[in-house]
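Read off the chains here:
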Amino acid sequence: LQLNGALQSPGVMSVNVTGTLVNNMAGPAAIGNQLALRIGDYSGTPLQTQVNTLAASTAGNLALSQSTPLTVGSVDALNGISAVGDVLLVLSGETQINQAVTGQNVTVQMTGANLTISSPGLSGTTGVEVDTLGGNLTLNGTAISAPIVALGLSNDFAGATGGILADQLIVSSGGNFSGQGATFS
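Since the model is a prediction, treat every value here as computed from it, not as a measurement.

Enquirer: Explain the overall build of the protein to me, please; I cannot follow it from the model alone.
Expert: The helix and strand inventory of the protein stands at 0 helices and 20 strands. For 185 residues, the compact-globule estimate of 2.2 N^0.38 gives 16 Å, and the protein sits close to it at 16 Å. Long-range pairs, those at least 24 residues apart, make up 17% of the contacts in the protein with a sequence separation of at least 6. With the model as given, the accessible surface of the protein reaches about 7,700 Å², and the carbon-plus-sulfur share is 50%.

Enquirer: Honestly, the nonpolar core in this entry has me stumped. Any pointers?
Expert: Soluble, globular proteins show a tendency: their nonpolar side chains are buried together. Counting 47 residues, the largest nonpolar core has Leu37, Ile81, Val101, Ile117, Leu122 and Ile144 as the members making the most contacts within it. Sorting elements by how many residues they give to this core places strand β3 (residues 30-43) first, with 5 residues.

Enquirer: Any chance you could explain unusual backbone geometry here in plain terms?
Expert: Note on backbone geometry: most residues besides glycine have negative phi, and most peptide bonds are trans. Of note, the amide linkage connecting serine 119 to proline 120 takes the cis form, showing an omega dihedral of 15°. With respect to the helices, strands and loops of the structure, proline 120 is situated in the loop between β13 (115-118) and β14 (122-133). Phi is positive for aspartate 76, which is not a glycine, with a value near 50°. Tracing the backbone shows aspartate 76 in the loop between β7 (74-75) and β8 (78-79). Unlike most non-glycine residues, alanine 77 shows phi in positive territory, near 65°. When you line up the elements, alanine 77 lands in the loop between β7 and β8.

Conventions we followed
Residues numbered from 1 in each chain as written. Predicted model: local features only at pLDDT ≥ 70, side-chain atom pairs only at ≥ 80, totals over all residues. Heavy atoms only, no water. Helix = DSSP H or I, 4+ residues; strand = E, 2+ residues; numbered from the N terminus. Rg over C-alpha atoms; globule rule 2.2 N^0.38 Å. Contact = heavy atoms within 4.5 Å. Areas by Shrake-Rupley, 256 points an atom, 1.4 Å probe, with all protein chains shown as cover. Core = buried A, V, L, I, M, F, W, Y, C linked by side-chain atoms within 4.5 Å. Buried < 20%, exposed > 50% of the residue type's maximum accessible area, 1.4 Å probe, protein only.

Note that all results are geometric; they support no functional claim without further evidence.
Right, here's the structure in full:
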């Protein structure tokens, strides 16, 4: 399926594509309240969305972009984001990740807003990378789990009730890095 125009709905949008979803859009491809995205694979630049709540599943890779506030949650009996391949989230609006985001490599790039990740959070079979530029990162529960975890933080990190499970943790921080009560192993 090739997207050449925006999908819009004031309620729940459920997009089911058994093959590859190809993004040909320069602007938002999905605009509305809730989006459930079930696809075989994804190709193209990150799919721009403007939704309040998002859930997605793919047998391949997934790349999404959103510039407005977002909650990764449950939509149309789909919970969080799951991919057999890689997941890329490019975000610039306040974001709450309240359901699992899983994939081989999971990358979250946040610019100019706060990112809150709650358990079960981000999980990568190979790795997880979280980069924040101009926003704070807050973890609740065991929020990040992968063999290799890389955090690039320009502002503050607060892990008062949060944890990271990793064989290797790489941190680059320009702000305050505090993990009172956090578990790093």
